[in-house]
Amino acid sequence: MNDGQTVNYRRKYAAEAQALQRIHPLRSLWLIARQWLAIAAALALPFIVLELQGGVDALSAAGWAAVAACFALSFFLVACKQHALGIIMHDATHYRLFSNRRLNELASNWLCAFPAGMVTSCYRRGHLPHHVFTNRPNDPYWARLVEDPAYRFPQSRQSFRRLLLRDLLCLNFAAWRPILRYWTGWGAVIDNREKLLTRSERLQFAAFWLIVAAAAIASGAWPWLIVLWLLPLHTLCLAFMRVRIVAEHNLDDSGPELSHTRHVDASWLERLTLAPLNINYHIAHHLFPSVPLHNLPRLHALLLRDPTFRAQAMLWPRYFGKNDKGLMNSLLR
């Protein structure tokens, strides 16, 4: 049997992958719109329930409990959709949103990246080398993560739970900074000596957040901007990202994709939280990053027809699951 390392899947399935590379602008627009419609609904939910209860002054104990539950649900859903916006920006990093590259950058930045404090070109600067040099010294992700004790596995369940709890309490933010420094726009807007951003990108990023801040202050909604946008972004969303980053690659393996890149089918809840918008089809994405996210399931199904791929690829049913079904469980002792 082939060991999986001698099969050139990029060459073998080049024609099929090329047929799946087509960009659909309307589909991209609807993809972005869906996330923002869900965010708008999540943000409106607690205030609608509050209004139905007759306002703050009319709330009973049960009413307070209902409103608090709605705020918690809104917080959770916003974090999920912030993660999803990051995945759309990831597709834009590969120029998969729109064929027109200027439109690709504008849509990605203003509708996906800037709201998360990120800039598409900053993310791209590290992400494209990650694809070319995966799990090797020239991979900037690998170079940072292998030096971070938080990403050394196996580790104890207690340690990992404590790590996630610290993410949720925003106590790991200093540890996230070396990664976020090259994804976000804040540092480069203040100090651009490394020339991470163009002048136009710096002005656009600053303009976006000045508009948001001015609108929030003028409307009196600034507390909700903090509580229901910035807090989920810097707590729960980072915890989701941590699990996904751990799951995507075996950092101890520098071989080809089939030996260090993992695929996870995932439950519906895991797809909502940890792996939105088909990012769990990570082997297919690494083999053919030019295939847009909506076509990754079709590409994966094509690869699964190959018996060597099925035998050698790191395929998991769940991120968390009983016995041998949970990828994360296999990394924890």
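- Looking at an unreviewed UniProt entry, one finds the protein chain named Fatty acid desaturase family protein, with Chromobacterium vaccinii as its source organism.

Remarks on helix H12 (residues 222–234)
Piece 1. Among the residues making up H12, those that are buried are Leu228, Trp229, Pro232 and Leu233. On an axial view of H12, the arc spanned by its buried residues comes to 110°, and they lie on one face.
Piece 2. Packing partners of the buried residues in H12 comprise helix H3 (25–52), helix H4 (61–93), helix H11 (199–219) and helix H13 (236–248).

Structural notes on the packing of aromatic side chains
Piece 1. In this structure the tally under the stated criterion is 13 aromatic pairs.
Piece 2. Ring centres of Tyr9 and Tyr13 lie 6.4 Å apart, and the angle between their planes is 5°; this geometry places the pair in the stacked category. Pair check on accessibility: Tyr9 and Tyr13 agree, each one buried.
Piece 3. Between Trp110 and Phe208, the aromatic rings sit 5.7 Å apart at their centres with planes inclined by 75°, giving edge-to-face as the arrangement. One end of the pair, Trp110, is in helix H5 (residues 101–113); the other, Phe208, is in helix H11, and 98 residues separate them in sequence.
Piece 4. Taken together through their ring pairs, the aromatic side chains of Trp110, Phe114, Phe205, Phe208 and Trp209 make up a single cluster.

Structural notes on the pattern of salt bridges
Side chains that differ in charge, positive against negative, can pair when their charged atoms come close.
Piece 1. The tally for this structure, following the rule as stated, stands at four salt bridges.
Piece 2. Among the ionic pairs, Lys12 bridges to Asp306, the shortest N-O distance being 2.5 Å. Within this pair, whereas Lys12 is found in helix H1 (residues 9–12), its partner Asp306 is found in the loop between helix H17 (296–304) and helix H18 (307–312), the two being separated by 294 residues in sequence.
Piece 3. Between Arg124 and Glu105 there is a salt bridge, and its shortest N-O distance comes to 2.6 Å. One end of the pair, Arg124, is in helix H6 (residues 120–132); the other, Glu105, is in helix H5, with 19 residues separating them in the sequence.
Piece 4. Accessibility expressed as a relative area gives 9% for Arg124, which makes it buried.

A few points about the environment of Asn8
Piece 1. Along the chain, Asn8 turns up in the segment before H1.
Piece 2. Of the residues examined, Asn8 reaches a relative accessible area of 38% and is grouped as partly exposed.
Piece 3. Here the alpha-carbon distance between Asn8 and Glu194, two residues 186 residues apart in the chain, equals 38 Å.

Things to note about H5
Piece 1. In this model H5 runs just 15 Å from its N-terminal to its C-terminal C-alpha over 13 residues, more than 12% under the 18 Å that 1.5 Å per residue would give.
Piece 2. Buried within H5 are the following residues: Asn104, Glu105, Ala107, Ser108, Asn109, Cys112 and Ala113.
Piece 3. Where H5 is buried, its residues touch H3, H4 and H6.

Calculation criteria
Residues numbered from 1 in each chain as written. Predicted model: local features only at pLDDT ≥ 70, side-chain atom pairs only at ≥ 80, totals over all residues. Heavy atoms only, no water. Buried < 20%, exposed > 50% of the residue type's maximum accessible area, 1.4 Å probe, protein only. Helix = DSSP H or I, 4+ residues; strand = E, 2+ residues; numbered from the N terminus. Arc of directions from axis to C-beta. Contact = heavy atoms within 4.5 Å. Phe/Tyr/Trp six-rings, centres within 6.5 Å; stacked < 30°, edge-to-face > 60°. Salt bridge = Lys/Arg side-chain N within 4 Å of Asp/Glu carboxyl O. Expected span 1.5 Å × (residues − 1).

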